[in-house]
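# Architecture and fold: a report
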Amino acid sequence: GLFASALLTIRSDPVQNDVICKKLCDNFYVNHVQNAFGHYDIIAAVFYPSWERLHTFIYEELYLMDGVKHVEIYIINETFKRYERFFKKEPFETDRTTLTQTDWALIKALAKDGRANPGILAEELGVHKSTVYRRIEALSKGSYFKVRAVPNPFKLSPSANAYIIMEAGSANAGHICDTLQRYDE
C-alpha cells in the first residue's frame with residue numbers, strides 16, 4: 001500500500017512555478033498539488049509505498065528541480081479525516097497486501113483515465129484482456145481504488161481552500177485533531 005506520506009510546502013522561483021507543478025502532477029505518487037499565496041508557493045501531498053521511496057523522491061528529484069528554493073516536509077503520522085466528498089467516512093484500511101507490477105500499472109493507468117480501454121491496457125501491459133478485467137475487478141472490490149466522477153468545484157460553486165499549520169505540544173495534538181475532525185470539509 002501507500003503508507004509513507006507527507007505534506008510538502010515548497011518555495012519556488014515564480015517563473016518556474018508552473019513547470020514544477022506540472023512535474024509534480026506527472027508523478028503518480030503525488031496525490032495533490034496546489035499553487036498557494038503566502039509563505040509557500042506550492043503545497044503537495046505525497047503517498048509512497050515506502051519511506052525509502054519517499055526519501056528518494058524528496059532528495060533526488062524534488063530538491064533537484066529547477067526553481068525549487070526551499071521545501072518543508074511534514075511527515076503524516078496518522079490521518080484522522082479525509083476529504084469526504086470522495087470517500088466514505090470509515091477509517092482507512094491498513095491491509096498491506098503486496099500488489100504485482102501489473103496491478104500497479106493498472107492503477108496508474110486508471111488514475112490518469114478511469115475509463116481507459118481494457119483492450120488497449122492489455123496490449124500496453126503485455127497481458128491478456130481477461131487478466132485486465134479480472135485484476136480491475138479484484139482491485140476495485142478490494143478498495144484499492146475507486147473510479148468516480150470528480151466534480152469541478154470552480155464550475156459548480158464558489159469555494160475557498162486553506163491549510164492551517166500549527167505548532168502544538170504533543171500532549172495537545174490528540175485533542176486538537178479530535179476537535180478539528182468534527183467540522184465538515
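Residues numbered from 1 in each chain as written. Predicted model: local features only at pLDDT ≥ 70, side-chain atom pairs only at ≥ 80, totals over all residues. Heavy atoms only, no water.

### Brief notes about the packing of aromatic side chains
Under the defined criterion, the tally for this structure stands at six aromatic pairs. Relative to F57, the ring of Y48 lies with its centre 5.5 Å away and its plane at 25°, an arrangement referred to as stacked. (Phe/Tyr/Trp six-rings, centres within 6.5 Å; stacked < 30°, edge-to-face > 60°.)

### So, the nonpolar core
In globular proteins that are soluble, nonpolar side chains generally tend to be buried together. Grouped together as the largest cluster of nonpolar side chains are 32 residues, with contacts concentrated most on L24, V46, F57 and L62. Those elements that place two or more of their residues in this core are β1 (4-12), α1 (17-25), β3 (42-48), α2 (51-60), β4 (68-75), α3 (101-112), α4 (118-125) and α5 (129-141). Among all residues touching F57, those that are not within four sequence positions of it are L8, L24, N27, V30, V46, Y48 and L62. (Core = buried A, V, L, I, M, F, W, Y, C linked by side-chain atoms within 4.5 Å. Buried < 20%, exposed > 50% of the residue type's maximum accessible area, 1.4 Å probe, protein only. Helix = DSSP H or I, 4+ residues; strand = E, 2+ residues; numbered from the N terminus. Contact = heavy atoms within 4.5 Å.)

### What to know about the environment of A122
Relative to the assigned elements, A122 resides in helix α4. Residues A122 and V132 lie 10 residues apart in sequence; the distance between their C-alpha atoms is 6.1 Å. Apart from the residues within four sequence positions on either side, A122 is in contact with V127, H128, K129 and V132.

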